[in-house]
Amino acid sequence: VQYNSFQLSKIIEKACNMLRERAMNGNVHIEIHSDSDQSRVVADRVRILQVLISLLSNAIKFSPPGSTVKIVYNIEQVNDDVSYVTIEVIDKGIGMTPE
């Protein structure tokens, strides 16, 4: 595991750009929303990117044509050393069964 300091928005944009053509081919629009400033986070950049690509790929794959996949993220600064980060991928896909 390698932790780096980086802007979360840049990694989210990178994941979106990597999947934009797939989304366009499926007539799915991608939107990014955040109330956060451009705060930096310390995390494993590679793992964060892998998780985002996986979530976005599934959201695009299972979203109906003409729909929008939204990525909503927030960085809440607790103190000088600690932040809480939330990332949501919201889509109109079929979802999972309760089982």
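Now for a description of the structure that goes with this document. (Residues numbered from 1 in each chain as written. Predicted model: local features only at pLDDT ≥ 70, side-chain atom pairs only at ≥ 80, totals over all residues. Heavy atoms only, no water.)

Brief notes about a nonpolar patch on the surface
Here comes step 1: Nonpolar side chains collect at one region of the surface, where Val1, Tyr3 and Val42 lie side by side and expose about 400 Å² of accessible area between them.
Here comes step 2: Positionally, Val1 belongs in the segment before strand 1 (4-7).
Here comes step 3: What makes Val1 exposed here is its relative accessible area of 80%. (Patch = residues over 30% accessible without salt bridge, like charges linked within 9 Å, V, L, I, M, F, W, Y side chains within 5 Å. Areas by Shrake-Rupley, 256 points an atom, 1.4 Å probe, with all protein chains shown as cover. Salt bridge = Lys/Arg side-chain N within 4 Å of Asp/Glu carboxyl O. Helix = DSSP H or I, 4+ residues; strand = E, 2+ residues; numbered from the N terminus. Buried < 20%, exposed > 50% of the residue type's maximum accessible area, 1.4 Å probe, protein only.)

A closer look at the nonpolar core
Here comes step 1: Ranked by internal contacts, the top residues of the largest apolar core, which has 21 residues, are Leu8, Ile12 and Leu56.
Here comes step 2: Looking at this core, the elements with two or more residues in it are helix 1 (8-25), strand 3 (40-43), helix 2 (45-62) and strand 4 (68-77).
Here comes step 3: Per element, the largest residue contribution to this core is seven residues, and it comes from helix 1.
Here comes step 4: What Leu56 contacts, discounting residues up to four positions off in sequence, is Ala15, Cys16, Leu19, Val69, Ile71 and Val89. (Core = buried A, V, L, I, M, F, W, Y, C linked by side-chain atoms within 4.5 Å. Contact = heavy atoms within 4.5 Å.)

Quick notes on unusual backbone geometry
Here comes step 1: One non-glycine residue with positive phi stands out, namely Asn27, at about 55 degrees.
Here comes step 2: The exposure class of Asn27 is partly exposed, given its relative accessible area of 49%.

Remarks on the pairing of strand 4
Here comes step 1: Note that strand 2 (residues 29-34) and strand 4 share six bridges and pair parallel. What sits directly across from Glu31, in strand 4, is Lys70.
Here comes step 2: Sheet analysis places strand 4 next to strand 5 (residues 83-90), joined by eight bridges and oriented antiparallel. Note on strand 5: the bridge partner recorded for Ile71 is Val89.
Here comes step 3: Counting the residues in the hairpin turn of strand 4 and strand 5 gives five residues. (Pairing = 2+ DSSP bridges.)

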